[in-house]
Amino acid sequence: AQSVTQLDSQVPVFEEAPVELRCNYSSSVSVYLFWYVQYPNQGLQLLLKYLSGSTLVESINGFEAEFNKSQTSFHLRKPSVHISDTAEYFCAVSASGYALNFGKGTSLLVTP
Amino acid sequence: DTAVSQTPKYLVTQMGNDKSIKCEQNLGHDTMYWYKQDSKKFLKIMFSYNNKELIINETVPNRFSPKSPDKAHLNLHINSLELGDSAVYFCASSQSGTRVEQFFGPGTRLTVL
């Protein structure tokens, strides 16, 4: 079975500051890794994914995540956050390509 | 719009009632899912159907019964609702094979009184 640990439940940050949301996973087999974002009262949107290939993956809105197999991590970073990035961020892992196992989420709060 | 849709968006009901939530996707995917998000925002897989066949059935009470009439629909029926069933239920879909990312519906907020 796979599991995901998101080490920070809440991350407050000032606008235009950099941010890192941490995600570690455990699995005995190769996995696919995802970051999803949930804005208030909305569904989940895929932010980025690692399936294979380059370990650094990027999203269209400036986020990036790096797959580190030796540290079993998939941390999410953004060099400069905006107010609109305020949301809940979920890291997820899948070994089968079917069920996603989610972490408990990190609430990112961006203030002016 | 191509998307995963769910109805209703909100559902308020009394303990003991039976209710259904409907999900439809027009993305042409062959796999659909139900997830439950509890009050602490933790998301957990409940069921998964691939080509109308049940492939994942996590530890969910028998009161929950998914039904997939075709590949584009996955409905969730809940019997004898309990207070602990209050949650947000998300439907999702994906295409099996190389494209493993899942696309989520807007969610159904179920409140059991």
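Residues numbered from 1 in each chain as written. Chains lettered and ligands numbered in written order. Predicted model: local features only at pLDDT ≥ 70, side-chain atom pairs only at ≥ 80, totals over all residues. Heavy atoms only, no water.

Explain the sheet that holds strand 8 (residues 73-78) of chain B to me, using residue names and the numbers behind them.
All names here are of chain B. A sheet is described by the order of its strands in space; here four strands give the open sequence 1-3-8-7, paired in antiparallel fashion. Each edge of the sheet is formed by a strand with only one pairing partner; in this case those strands are strand 1 (4-7) and strand 7 (64-70). Each strand of the sheet is rotated relative to its neighbour by a mean of 20°, with strand direction disregarded. Bridge count between strand 1 and strand 3 (residues 19-25): four bridges; the pairing is antiparallel. Note that in strand 3 the partner of Val-4 across the bridge is Gln-25. (Pairing = 2+ DSSP bridges. Helix = DSSP H or I, 4+ residues; strand = E, 2+ residues; numbered from the N terminus. Axes fitted to C-alpha atoms, helices over the stretch in contact; angles between N-to-C directions.)

Describe the interface of chain A and chain B, listing the residues and the values that go with them.
One frequent convention defines the size of an interface as the accessible area lost when the parts assemble. Facing 20 residues of chain A, the contacting portion of chain B comprises 22 residues. On the chain A side of the contact with chain B, Leu-44, Tyr-98 and Phe-102 of chain A bury the most area, a combined 33% of that side's loss. Joining chain A to chain B, the criterion identifies two salt bridges. Its salt-bridge partner being Glu-88 of chain A, residue Lys-41 of chain B comes within 3.8 Å of it at the nearest N-O pair. The tally of links between chain A and chain B comes to four residue pairs in polar contact (both at pLDDT 80 or more). Within the residue set of the side of chain A that touches chain B, elements represented by two or more residues are strand 5 (32-38), strand 6 (44-50) and strand 10 (87-94) of chain A. If you tally residues by element for the side of chain A that touches chain B, the top one is strand 5 of chain A, at four residues. (Contact = heavy atoms within 4.5 Å. Buried area = accessible area lost by both parts, 1.4 Å probe. Salt bridge = Lys/Arg side-chain N within 4 Å of Asp/Glu carboxyl O. Polar contact = N/O pair within 3.5 Å; in protein donor to acceptor, adjacent residues only side chain to side chain.)

Provide a residue-level description of the nonpolar core, including the pertinent values.
Trp-35, Leu-48, Phe-74, Leu-76 and Tyr-89 of chain A are the most contacted members of the largest nonpolar core, which has 27 residues in total. Here this core gets four residues from one element, more than from any other, and that element is strand 10 of chain A. (Core = buried A, V, L, I, M, F, W, Y, C linked by side-chain atoms within 4.5 Å. Buried < 20%, exposed > 50% of the residue type's maximum accessible area, 1.4 Å probe, protein only.)

So, the packing of aromatic side chains: which residues are in play, and what are the values?
Tallied over the entire structure, the rule returns 13 aromatic pairs over all chains. With a centroid separation of 5.3 Å and 80° between ring planes, the pair formed by Tyr-36 of chain A and Phe-104 of chain B is classed as edge-to-face. Here Phe-104 of chain B lies in strand 10 (residues 103-104) and Tyr-36 of chain A lies in strand 5, a pairing that spans two chains. Plain terms: the ring middles of Phe-90 of chain A and Phe-102 of chain A are 6.1 Å apart, the flat faces sit at 90° to each other, and that makes the pair edge-to-face. Of this pair, Phe-90 of chain A sits in strand 10 while Phe-102 of chain A sits in strand 11 (residues 101-102), and the two are twelve residues apart along the sequence. What makes Phe-90 of chain A buried here is its relative accessible area of 0%. Taken together, the aromatic side chains of Phe-34, Tyr-36, Phe-90 and Phe-102 of chain A together with Tyr-33, Tyr-35, Phe-90 and Phe-104 of chain B make up a single cluster linked through ring pairs. (Phe/Tyr/Trp six-rings, centres within 6.5 Å; stacked < 30°, edge-to-face > 60°.)

Let's hear about the environment of Leu-110 of chain B: which residues, and what values?
Residues and elements named next belong to chain B. Among the structural elements, Leu-110 can be located in strand 11 (residues 108-112). Judged by relative accessible area, which is 1%, Leu-110 ranks as buried. Placed 100 residues apart in sequence, Leu-110 and Tyr-10 show a C-alpha to C-alpha distance of 6.1 Å. For Leu-110, the residues in contact, after removing those within four places along its chain, are Leu-11, Thr-13, Ile-78, Leu-81, Asp-85, Ser-86, Ala-87 and Tyr-89.

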